[in-house]
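# What the coordinates show
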Amino acid sequence: MKQWSAFIVFLFSSIFLSAQQSYGKEVYAKEVFVSTQGDSLPYRLLRPEPVKPGKKYPLVLFLHGAGERGHDNERQLIHGGQMFLNPVNRDKYPAFVLIPQCPEGKYWGYIERPKSFIPSNMPVEQQMNPIFRAVKELLDSYLSMPEIDKKRIYIVGLSMGAMGTFDMVSRYPEIFTAAIPICGTVNPDRLSAAKDIKFRIFHGDADDVVTVEGSRGAYKALKAVGADVEYIEFPGCGHNSWDSAFNYPGFMEWLFKQKK
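Residues numbered from 1 in each chain as written. Predicted model: local features only at pLDDT ≥ 70, side-chain atom pairs only at ≥ 80, totals over all residues. Heavy atoms only, no water.

Between the first and last C-alpha of helix α4 (residues 130-143) there are 20 Å, a value that for 14 residues agrees with the 20 Å anticipated at 1.5 Å per step. Where α4 begins, the side chain of N129 points an oxygen toward the backbone nitrogen of I131, at a separation of 3.3 Å. (Helix = DSSP H or I, 4+ residues; strand = E, 2+ residues; numbered from the N terminus. Expected span 1.5 Å × (residues − 1). Polar contact = N/O pair within 3.5 Å; in protein donor to acceptor, adjacent residues only side chain to side chain.)

Structure representation (C-alpha cells):
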C-alpha cells in the first residue's frame with residue numbers, strides 16, 4: 001500500500017511538473033529570426049498580458065549561459081525564464097522579453113571562448129561575431145515597434161551571457177537603460193562608453209569558473225567614470241550565483257523602475 005501511495009504521489013508530481021513546463025513553453029512564443037547575413041537565431045518571446053492599444057512597454061533582452069546553447073529553442077529558458085512567467089511579476093512588470101539561444105560552439109559577444117577570463121586579458125576591441133550581430137538585429141526589429149518604450153530597454157545576462165551583456169552595452173550604450181550582468185567578466189577599459197547606463201552586478205566570491213575579479217574590476221571601472229552602479233557579492237557562492245541573484249530582494253523592482 002505504501003509503495004502504491006508513493007507511486008500515486010510521484011505520478012501526480014510528474015504530471016504537475018510537466019504541466020508547468022508545458023505552460024512555460026506555450027506562454028513563450030517560439031520564434032526564429034533570420035539576419036541580413038542569413039544566420040538563423042532561435043528565440044523565445046514573452047509579451048505583456050494583455051498588450052493594451054496605445055500603451056508602451058519596456059523590453060528585456062535576456063542572454064543565457066554557455067550550458068544552455070543549442071538548437072532546440074528551449075534550453076535557454078532553464079535559468080531565469082520562469083521568473084518572468086511568475087503571474088505576480090507579469091502583472092506588476094508587463095514587458096516584452098526576448099530570450100535568444102546561442103548555437104552550440106558559438107559564444108555571445110566574442111568570436112570564440114576567451115582564452116582567459118582575467119579582466120586584463122579579455123579582448124578590448126574585436127569584430128562583432130555573426131550570431132551576436134543577429135541578436136542586435138533581432139533587438140532592432142523590436143525597437144522599431146510602437147509598443148516598445150525606448151526609455152526602458154534592459155539587458156540581463158548570466159556567465160557567458162553576462163560577458164555578452166558587457167559587450168553589448170559597450171558597443172551600443174545609447175540603446176540600454178539598465179544592465180544586470182551576473183557572474184561575468186570584461187576588460188574594464190571597455191566600460192567607459194557605458195557610463196550612462198545603470199548597472200547592478202552580481203557575482204559569487206567562490207566562483208571557480210569565471211573569476212570574481214571580472215565583476216569587481218567592472219564595478220571599479222564604472223564607478224571611476226561616474227556610472228550609477230551597484231555591486232552585490234555573495235560570500236561562499238560558486239558559479240551559479242544567478243540563483244542568488246534572481247532571489248535577491250527587489251531584483252525585478254530595481255530593474256523595471258529604471259528609466260532614461
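Counting 52 residues, the largest nonpolar core has W108, F176 and F199 as its most contacted members. Broken down by element, this core gets its largest block of residues, 8 residues, from α4. Every residue in contact with W108, bar those within four places of it in the chain, is listed here: L41, L63, H64, P100, Q101, C102, I131, F132, V135, M160, G161 and G164. In terms of nonpolar packing, the next biggest core, distinct from the first, is built from 31 residues, A178, I180, C237 and W254 among them. (Core = buried A, V, L, I, M, F, W, Y, C linked by side-chain atoms within 4.5 Å. Buried < 20%, exposed > 50% of the residue type's maximum accessible area, 1.4 Å probe, protein only. Contact = heavy atoms within 4.5 Å.)

Counted under the stated rule, the structure contains 13 aromatic pairs. Both rings, one in Y57 and one in F96, keep their centres 6.2 Å apart while their planes meet at 70°; by these two values the pair is edge-to-face. One end of the pair, Y57, is in strand β3 (residues 57-63); the other, F96, is in strand β4 (residues 96-100), and 39 residues separate them in sequence. Taken as a pair, Y57 and F96 share a single burial class, namely buried. K55 extends its terminal NZ or CZ atom over the ring of Y57, reaching a point 5.6 Å from the ring centre. (Phe/Tyr/Trp six-rings, centres within 6.5 Å; stacked < 30°, edge-to-face > 60°. Lys NZ or Arg CZ within 6 Å of the ring centre and 35° of its normal.)

As far as function goes, none of this settles anything; it's purely spatial.
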